Amino acid sequence: MIRLLLAEDQEMVRTALATLLGLEPDIEVAGQVGDGAEVLPTARRVRPDVCLLDIEMPGCSGLDATEALLAELPGTKVLIFTVFDRPGHVQRAMAAGASGFIGKNRPAEELAVAVRRVMAGETVIEPALAATALRTAPSPLTPREREVLAAALDGSPVAAVAARVHLSEKTVRNYLSSAIGKTGCANRFEAAHHARERGWL
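Rules and cut-offs
Residues numbered from 1 in each chain as written. Predicted model: local features only at pLDDT ≥ 70, side-chain atom pairs only at ≥ 80, totals over all residues. Heavy atoms only, no water. Helix = DSSP H or I, 4+ residues; strand = E, 2+ residues; numbered from the N terminus. Expected span 1.5 Å × (residues − 1). Buried < 20%, exposed > 50% of the residue type's maximum accessible area, 1.4 Å probe, protein only. Arc of directions from axis to C-beta. Contact = heavy atoms within 4.5 Å. Core = buried A, V, L, I, M, F, W, Y, C linked by side-chain atoms within 4.5 Å. Pairing = 2+ DSSP bridges. Right-handed = clockwise from strand over helix to strand, strands pointing away.

**Q** Sorry if this is basic, but what is going on with helix H1 (residues 11-22) here?
**A** For an α-helix the count is 3.6 residues per turn, leaving residues at separations of three or four pointing the same way. The terminal C-alpha atoms of H1 lie 16 Å apart, and with 12 residues this matches the ideal 16 Å at 1.5 Å per residue to within 8%. The set of residues buried in H1 consists of Arg14, Leu17, Ala18 and Leu21. Buried residues of H1, viewed axially, fall in a sector of 100°; they line one side. Against strand E1 (2-7), strand E2 (27-33), strand E3 (50-54), strand E4 (77-82) and helix H5 (108-119) lie the buried residues of H1.

Right, dumping it as structure tokens:
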């Protein structure tokens, strides 16, 4: 029996997936969370074999949750599932140690097969997406630049961004300037959206 932890912030989607996957004879949904920050504490408690993680969740992204989870529970397999098939997301997921990456548009039967495959030690990525990710240059941004750009996505002033990331305004300006240069954009708003579209945030 494969013990599964499901992390998805949309309750209706999460409930439907848990029900469908729970019907599989060899899969037990051992835990469900709707917030990325709950992934690691719940995994500590339920000890899943496989974690099925959405990327965009409140509290903590599925990609960041993957890093924290595998650092503490390295025997756990992670399968990322998302509506966003951006090459940068695939690259970051694999760099974080995920065993697979699958779109939410796939039938539940394919999702169950993917869970079994990563449990068996395989890497599961749709071939076209894997090929695109291999041809795409990796993110040039440092973790701090990503963090600051993500905090600037909504157009907040520098002071608000600095408060969110617990840095001085001068330091935030330096990170934003560096990120703008690396993305080849004209300003921080363009740089943030450019990075988001490529899956770098």
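**Q** Where do I start with unusual backbone geometry in this structure?
**A** Apart from glycine, the bulk of residues carry a negative phi angle, and the bulk of peptide bonds sit in the trans form. We note that Arg47 has phi near 50°; this positive angle belongs to a residue other than glycine. Phi at His166 is positive, roughly 60°, even though this residue is not glycine. In this fold, His166 is placed in the loop between helix H8 (158-165) and helix H9 (169-183). Residue classification places His166 among the exposed residues on the basis of a relative accessible area of 71%.

**Q** Can you help me understand the nonpolar core in this one?
**A** By size, the foremost hydrophobic cluster in this structure holds 21 residues, and its most contacted members are Val39, Leu53, Leu69, Val78 and Ile80. Counting only elements with at least two residues in this core, the list comes to E1, helix H2 (39-46), E3, helix H3 (62-72), E4 and helix H4 (87-96). Residue contributions to this core peak at four residues, all from H3. Apart from the residues within four sequence positions on either side, Val78 is in contact with Cys51, Leu53, Thr66, Leu69, Leu70, Ala98, Ser99 and Gly100.

**Q** Explain the pairing of strand E5 (residues 100-103) here, please?
**A** Residues in a regular strand project their side chains so that they alternate between the two faces of the sheet. Residues of E5 alternate between two faces, with Gly100 and Ile102 on one and Phe101 and Gly103 on the opposite face, all of them buried. Note: E4 against E5, four bridges, orientation parallel. The residue of E5 that forms the bridge with Leu79 is Gly100. By the bridge criterion, two bridges tie E5 to strand E6 (residues 124-125) in an arrangement that is parallel. Counted as the bridge partner of Gly100 is Val124 from E6. In this fold, the crossover linking E5 to E6 by way of H5 has left-handed handedness.

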